[in-house]
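Secondary and tertiary structure notes
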Amino acid sequence: KKDVGSKRPREAEDAEPQTPSKRPNTTQQSNVSAITTSAEAVTACWKVIDELIVRQLPVCISSLQYKQSPQDLVNIPVELGQVKTKLETGAFSTPFDFHSDVVGVWKNCLEKAPNTVSYSLSCMLAQMFDELYFKSVYLPLNVTALNNQKVAPNGTKIRVYNAPEHRWWIGTVSDYDAKQNMSLVTQTEEAGQAASAEPLQVWVAVPSFYAEIISDTKDAGTPEISLSEGTANLTAQLQADSASASTAEVLTLDQLKLVLGVMPLNTLFTDFSGPESILTVLEAHLSVKQPDLLKKDSPKPKEVTA
């Protein structure tokens, strides 16, 4: 079984040799500010998940005309909110752990709810998340290493990201194509894998967003920054960034309504249970406590118990 992108097109094999400096490389960004501290890494990850939940989620929900149902096997807003809480409380050791936890939400949808609107929503969010994470976290963390790439020798241990299947797998470099400056990574045998199963293989640039070098030494590859050490300064850093911002970005009323309409009450109020959304409970509460505010021609909100 071959992984996505494992076979090179014939025209690529016959192409003129290209040196690494001539080969187009979108990972080389001279204007990217490097992330060098734990506090910077935590803040960057937090901004990515916040952007995904607050801005991109409502847009995707509106595009798909998605409505949260108690029968949904995966509650994407809740699970993303849980990832955000874990980040804020220092539950992630490295940026990779944070990325893997978010990718786990998409994989959960693939396994539990394929061919559903929920999975379509997860696919849209997955693409947006990878773009946000690549630009705001991966590049700043790896800009130095990416701009000084060296050929990974055979046997180098690699962590490969299979985006379509929302998972990572481990392999080693088994070949190198100097023309394309790409390495062939072959999956190593894993526990539970059938002995006759053909290992996954993929041609990929190493290192890159889709193929990270796993190193046991600090000299090879880029050492991973600890996220947990920078959590304590997250609030102060966000406040400082907010104060220095030239303009404040806020949700539109439609976006806010969409978010509150799909987010269960226990996302904010953990003492309550039930599938009702924050918007549903708020409307029901106002209809009882402030009935004079309800427009005469508006339908009466359904009663809920939370």
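Right, let's walk through the structure included here.

Rules of the game
Residues numbered from 1 in each chain as written. Predicted model: local features only at pLDDT ≥ 70, side-chain atom pairs only at ≥ 80, totals over all residues. Heavy atoms only, no water. Phe/Tyr/Trp six-rings, centres within 6.5 Å; stacked < 30°, edge-to-face > 60°. Helix = DSSP H or I, 4+ residues; strand = E, 2+ residues; numbered from the N terminus. Buried < 20%, exposed > 50% of the residue type's maximum accessible area, 1.4 Å probe, protein only. Lys NZ or Arg CZ within 6 Å of the ring centre and 35° of its normal. Polar contact = N/O pair within 3.5 Å; in protein donor to acceptor, adjacent residues only side chain to side chain. Contact = heavy atoms within 4.5 Å. Axes fitted to C-alpha atoms, helices over the stretch in contact; angles between N-to-C directions. Parallel < 35°, antiparallel > 145°, perpendicular 65-115°, else oblique. Left-handed = near helix turned anticlockwise from the far one by under 90°. Expected span 1.5 Å × (residues − 1). Bend = angle between axes of the 7 residues up to and from the residue. Pairing = 2+ DSSP bridges. Core = buried A, V, L, I, M, F, W, Y, C linked by side-chain atoms within 4.5 Å.

**Comments concerning the packing of aromatic side chains**
Enumeration according to the criterion identifies 13 aromatic pairs in this entry. Plain terms: the ring middles of tyrosine 133 and phenylalanine 209 are 6.4 Å apart, the flat faces sit at 45° to each other, and that makes the pair tilted. Linking tyrosine 133 in helix H5 (residues 117–146) with phenylalanine 209 in the loop between strand E4 (201–204) and strand E5 (211–213), this pair joins segments that are 76 residues apart in sequence. Pair check on accessibility: tyrosine 133 and phenylalanine 209 agree, each one buried. Measuring from centroid to centroid gives 4.8 Å for tyrosine 161 and tryptophan 168, while their planes differ by 25°, and the two rings are stacked. Here tyrosine 161 matches tryptophan 168 in class, with each residue buried. Each residue in the set Phe92, Phe96, Phe98, Phe129, Tyr133, Phe134, Tyr138, Tyr161, Trp168, Phe209 and Tyr210 is aromatic and connected to the rest through ring pairs, giving one cluster. Here the guanidinium or amino end of arginine 159 rests over the ring plane of phenylalanine 96, the centre of that ring lying 3.6 Å away. Positioned over the ring face of tryptophan 168 is arginine 159, at 5.9 Å from the centre of the ring.

**Some thoughts on unusual backbone geometry**
Looking along the chain, the bond that leaves valine 206 and enters proline 207 is cis, with omega of -5°. By the secondary structure assignment, proline 207 is in the loop between E4 and E5. Even without being a glycine, histidine 166 presents a positive backbone phi close to 55°.

**Considerations on the side chain of histidine 99**
Following the sequence through the fold, histidine 99 ends up in helix H4 (residues 95–112). Of the residues examined, histidine 99 reaches a relative accessible area of 1% and is grouped as buried. Of the polar contacts made by the side chain of histidine 99, one reaches the side chain of aspartate 130; its length is 3.3 Å. Beyond its immediate sequence surroundings of up to four residues, histidine 99 is in contact with Phe129, Asp130, Tyr133, Tyr161, Trp168 and Phe209.

**Things to note about the packing of H4 against H5**
At a closest axis distance of 9 Å, the pairing of H4 and H5 adopts a crossing angle of 170°. Classed by the angle they form, the pair H4 and H5 counts as roughly antiparallel. The interaxial crossing formed by H4 with H5 has left-handed handedness. Across from Pro95, Phe96, Phe98, His99, Val102, Val103, Trp106, Cys109 and Leu110 in H4, the residues of H5 making contact are Ser118, Tyr119, Ser122, Leu125, Ala126, Phe129, Asp130, Tyr133, Val137 and Leu141.

**Remarks on H5**
Helical geometry note: an α-helix holds 3.6 residues per turn, so side chains three or four residues apart project in the same direction. Compared with the 44 Å implied by 1.5 Å per residue over 30 residues, the 37 Å span of H5 between its first and last C-alpha is markedly short. Leucine 139 marks the point of greatest bend in H5, at about 55°, and the proline proline 140 comes within the next four residues.

**Some thoughts on the sheet that holds E4**
Hydrogen bonds along the backbone pair up the strands of a sheet, which may run parallel or antiparallel. Judged by pairing direction, the sheet is antiparallel, and its five strands sit side by side in the order E4-E3-E2-E1-E5 without closing on themselves. The sheet is open, and its two edges are formed by E4 and E5, each paired on a single side. For this sheet the average axis-to-axis angle between neighbouring strands, irrespective of direction, equals 40°. Looking at chain direction, strand E1 (residues 157–162) and E5 are connected through three bridges and run antiparallel.

**Quick look at the pairing of strand E3 (residues 182–187)**
On a regular strand, each side chain points to the face opposite its neighbour's, so the side chains alternate between the two faces of the sheet. With six of six residues buried, E3 is to be regarded as a mostly interior element. When strand E2 (residues 167–177) meets E3, the two strands line up antiparallel, connected through six bridges. Residue pairing for E3: glycine 171 is matched across the bridge by glutamine 187. Joining the antiparallel neighbours E2 and E3 is a turn of four residues, in which asparagine 181 adopts a positive phi near 55°. In this sheet, E4 lies alongside E3 in antiparallel orientation, the contact comprising four bridges. Paired with leucine 184 across the bridge in E4 is tryptophan 203.

**Structural notes on the nonpolar core**
By size, the foremost hydrophobic cluster in this structure holds 45 residues, and its most contacted members are Ile49, Leu80, Phe98, Trp106, Leu125 and Phe129. Secondary-structure elements contributing two or more residues to this core are helix H2 (38–64), helix H3 (76–88), H4 and H5. Contact partners of leucine 80, with chain neighbours within four places excluded, come to Ile49, Leu52, Ile53, Val102, Val105, Trp106 and Leu125. Formed by 11 residues, the second largest nonpolar core is a distinct cluster that contains Ile158, Val173, Val185 and Val206.

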